[in-house]
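If you want the building blocks of each chain, they are given just below.
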Amino acid sequence: MDDATARAQLKNMLAELDRSIMVLRGDPVAVADRSAADAGSDLTGADRAQAMIDVATRHRTAVVDALERLDAGVYGRCVDCDKPVPEGRLAARPEAARCVRCQSERERRR
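Here is what the cut-offs are and how they apply
Residues numbered from 1 in each chain as written. Predicted model: local features only at pLDDT ≥ 70, side-chain atom pairs only at ≥ 80, totals over all residues. Heavy atoms only, no water. Core = buried A, V, L, I, M, F, W, Y, C linked by side-chain atoms within 4.5 Å. Buried < 20%, exposed > 50% of the residue type's maximum accessible area, 1.4 Å probe, protein only. Helix = DSSP H or I, 4+ residues; strand = E, 2+ residues; numbered from the N terminus. UniProt positions renumbered as here; feature names shortened; annotations may be inferred. Patch = residues over 30% accessible without salt bridge, like charges linked within 9 Å, V, L, I, M, F, W, Y side chains within 5 Å. Areas by Shrake-Rupley, 256 points an atom, 1.4 Å probe, with all protein chains shown as cover. Salt bridge = Lys/Arg side-chain N within 4 Å of Asp/Glu carboxyl O. Lys, Arg positive; Asp, Glu negative; His and termini not counted. Charge placed at Lys NZ, Arg CZ, Asp CG, Glu CD.

- Looking at an unreviewed UniProt entry, one finds the chain named TraR/DksA family transcriptional regulator, with Sphaerisporangium rhizosphaerae as its source organism.

As structure tokens, then:
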């Protein structure tokens, strides 16, 4: 994938993530005059929304990091082994920082 295409895709992803995070951070639902069961349901909903915000924020960080790698001229190189990240991986996940082997190793260590 050429740098201009990657940059455009990453900037679009960043804009979509920013919109999603703003929506998820919207005003909390007022819980006054509600039953304890409703309040518990709201808490579960709030926990779910916070989990979604956390995932979107981590994804946003990965996109920003990819844009920084583009600016530094190292986009498409694995941050761990410096080998090229396969084109197919970048096409599917433009924010990918690692080749498949290094990403697999990282996930196994978790």
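### Thoughts on the nonpolar core
Item 1. Ranked by internal contacts, the top residues of the largest apolar core, which has 18 residues, are Leu10, Val63, Leu67, Leu70, Tyr75, Cys78 and Leu90.
Item 2. Those elements that provide at least two residues to this core are helix 1 (3–24) and helix 2 (36–72).
Item 3. With six residues, helix 1 is the single largest residue contributor to this core.

### Structural notes on the UniProt feature "domain: Zinc finger DksA/TraR C4-type" (unreviewed entry) in the chain
Item 1. UniProt's entry tags residues 74–108 with the feature "domain: Zinc finger DksA/TraR C4-type" (unreviewed entry), counted in the numbering of this structure.
Item 2. End C-alpha to end C-alpha, residues 74–108 measures 25 Å, and it is 43% helix and 0% strand.

### Concerning a positive patch on the surface
Item 1. On the surface, a cluster of positive charge is contributed by Arg58, Arg106, Arg108, Arg109 and Arg110.
Item 2. Structurally, Arg110 is set in the segment after helix 4 (100–109).
Item 3. Note on Arg110: relative accessible area 70%, which makes it exposed.

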